[in-house]
Amino acid sequence: MATLVTGGAGYIGSHTVVALHEVGRDVVIVDNLSNSSPKAVAALRRLTTDDLVFVEADLLDAESLRRVFADHPIDEVIHFAAFKAVGESVEQPIRYYGNNLGSTIGLVEAMVDAGVSRLVFSSSCTVYGQPDEVPVTEASPTGATNPYGWTKYMSEQILADVAAAHPLDVVLLRYFNPVGAHPSGTIGEDPNGIPNNLVPFVMQVAVGRHDKVRVFGDDYPTPDGTGIRDYIHVMDLAEAHVAALDALAGGLRGAVPINVGTGVGSSVLEVIAAAGAAVGTAIPHEVVDRRPGDIAKTWAATDKAAEILGWRPSRDLDEMLRDHWRWQSRNPDGFA
Ligand code: UFG
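The following refers to the structure shown. From a predicted model like this one, the values you see are computed outputs, not experimental measurements. (Residues numbered from 1 in each chain as written. Predicted model: local features only at pLDDT ≥ 70, side-chain atom pairs only at ≥ 80, totals over all residues. Heavy atoms only, no water.)

## Some remarks on the site of the ligand
Working step 1: Around the ligand, the structure places 17 residues, and the nearest of them are Asn 197, Arg 214, Arg 229, Arg 291 and Asp 294.
Working step 2: Here an oxygen atom of the ligand and a backbone polar atom of Thr 126 are 3.4 Å apart.
Working step 3: Contact with the protein chains hides 87% of the accessible area of the ligand, taken as 680 Å² for the molecule alone.
Working step 4: Of all the elements, strand β8 (residues 213-216) adds the most residues to the shell around the ligand, at three residues. (Near = heavy atom within 4 Å. Polar contact = N/O pair within 3.5 Å; in protein donor to acceptor, adjacent residues only side chain to side chain. Areas by Shrake-Rupley, 256 points an atom, 1.4 Å probe, with all protein chains shown as cover. Helix = DSSP H or I, 4+ residues; strand = E, 2+ residues; numbered from the N terminus.)

## Considering unusual backbone geometry
Working step 1: Cis geometry marks the peptide bond from Val 134 to Pro 135; its omega dihedral reads -5°.
Working step 2: Tracing the backbone shows Pro 135 in the loop between β5 (118-124) and α6 (147-165).
Working step 3: A positive phi angle, near 60°, is found at Leu 33, a position not held by glycine.
Working step 4: Among the structural elements, Leu 33 can be located in the loop between β2 (26-31) and α2 (38-47).

## So, the packing of aromatic side chains
Working step 1: Enumeration over the complete set of coordinates arrives at four aromatic pairs.
Working step 2: Between Trp 327 and Phe 335 the ring centres are 4.9 Å apart and the planes differ by 50°, which places this aromatic pair in the tilted class. This pair shows no difference in class: Trp 327 is buried, exactly as Phe 335 is.
Working step 3: Positioned over the ring face of Tyr 220 is Arg 290, at 4.0 Å from the centre of the ring. (Phe/Tyr/Trp six-rings, centres within 6.5 Å; stacked < 30°, edge-to-face > 60°. Buried < 20%, exposed > 50% of the residue type's maximum accessible area, 1.4 Å probe, protein only. Lys NZ or Arg CZ within 6 Å of the ring centre and 35° of its normal.)

## Comments concerning the sheet that holds strand β1 (residues 2-6)
Working step 1: Strand order in this open sheet of seven strands is β3-β2-β1-β4-β5-β6-β11, and the pairing throughout is parallel. Each of the sheet's edge strands pairs with one partner strand only, and the pair in question is β3 (53-56) and β11 (255-260). On average, adjacent strands in this sheet sit at an angle of 20° to one another, irrespective of strand direction.
Working step 2: Of the strand pairs in this sheet, β5 and strand β6 (residues 169-175) are connected by seven bridges, and their pairing is parallel. What sits directly across from Phe 121, in β6, is Leu 172. (Pairing = 2+ DSSP bridges. Axes fitted to C-alpha atoms, helices over the stretch in contact; angles between N-to-C directions.)

## Section: helix α3 (residues 62-71)
Working step 1: Within α3, the full set of buried residues consists of Ser 64, Leu 65, Val 68 and Phe 69. Looking straight down α3, one finds its buried side chains confined to an arc of 140°; they lie on one side. Across from the buried face of α3, at angles greater than 90 degrees, the exposed residues are Ala 62, Ala 70 and Asp 71.
Working step 2: Buried residues along α3 sit in contact with β1, β2, β3, β4 (74-79) and α5 (93-114). (Arc of directions from axis to C-beta. Contact = heavy atoms within 4.5 Å.)

## Examining the pattern of salt bridges
Working step 1: Under the criterion given, the structure shown has 17 salt bridges.
Working step 2: Between Arg 174 and Glu 156 there is a salt bridge; the shortest N-O distance is 2.7 Å. One end of the pair, Arg 174, is in strand β6; the other, Glu 156, is in helix α6, and 18 residues separate them in sequence. One exposure class covers both Arg 174 and Glu 156, and it is buried. (Salt bridge = Lys/Arg side-chain N within 4 Å of Asp/Glu carboxyl O.)

Rendered as structure tokens:
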């Protein structure tokens, strides 16, 4: 049997493919390469097996999707494929809703038709919007502050409704802030254009692609005034997906939201300092105005992941930044 991984050539998807391979799962990747490249697939084959199945297809293409299920013995699915840039989603809401919701609906329809009942969905802590209290638990109020976030919120609702009506069980993994890379340094995050996220930008400063990091505000109600997030190593996150598939295979039922974070918050200045230590030289930075839409602080309550998935993260911020730096320093221009 095989695990279908949509978006398996992307950042989190590729690391999860490695984790699946390590536990002996056969993998079928479907990816349209809209935010990754054939070089990512080649690197992934070198890390796993030449036999890794890669299908270049768009999930909005129902016929291609039907063929994937007809041609391969798929018994479980992880759905990563989606557009994910917050700012772009504000400018292009139709494109974001069309792609992210259309692909989720097309995928579950194909799963129901094929009789495949186990799904892990790539959701986000963005579904907590502006949290009133930290740490956020899975029972915290949900909402969103931009179209990207709403596509995650709505996809969760769609999947819960489908799970109530059809033989479908789904774990909704709500990721906090994934960073880091596989320790080999051969796969990693390769953002399109100028990175929006902190760590990819910091690392591009470190390789000289930008002068300095702009710290978006130091007047938040946090100890050093900068925003606090729960950064999680992408390999820990990858392993959470394997644990979620195991839980589904073990009989977990319904549509179950689970946070994937470390429970530890780090400020922007702490991340920049830890990155400097990983790189071996201080990272130039300056404080500028707040970025519109940013929240002051969030981190995860992690009890549910431990209880239901038996999963706990094992890598700290220093390891995240060392591994991210290994990838970035060996591949200053990503997969280009
Ligand atoms: N930041 C900077 N400078 C930068 C980039 C970010 O100071 O150049 C700060 C932000 O203000 C924030 C922190 O670094 O305090 C983290 O910002 P990121 O953009 O890396 O991450 P966010 O938490 O804002 O965004 C993440 C995901 C989104 C998701 C969002 C909401 O990347 O996909 O969480 O939970 F929508």
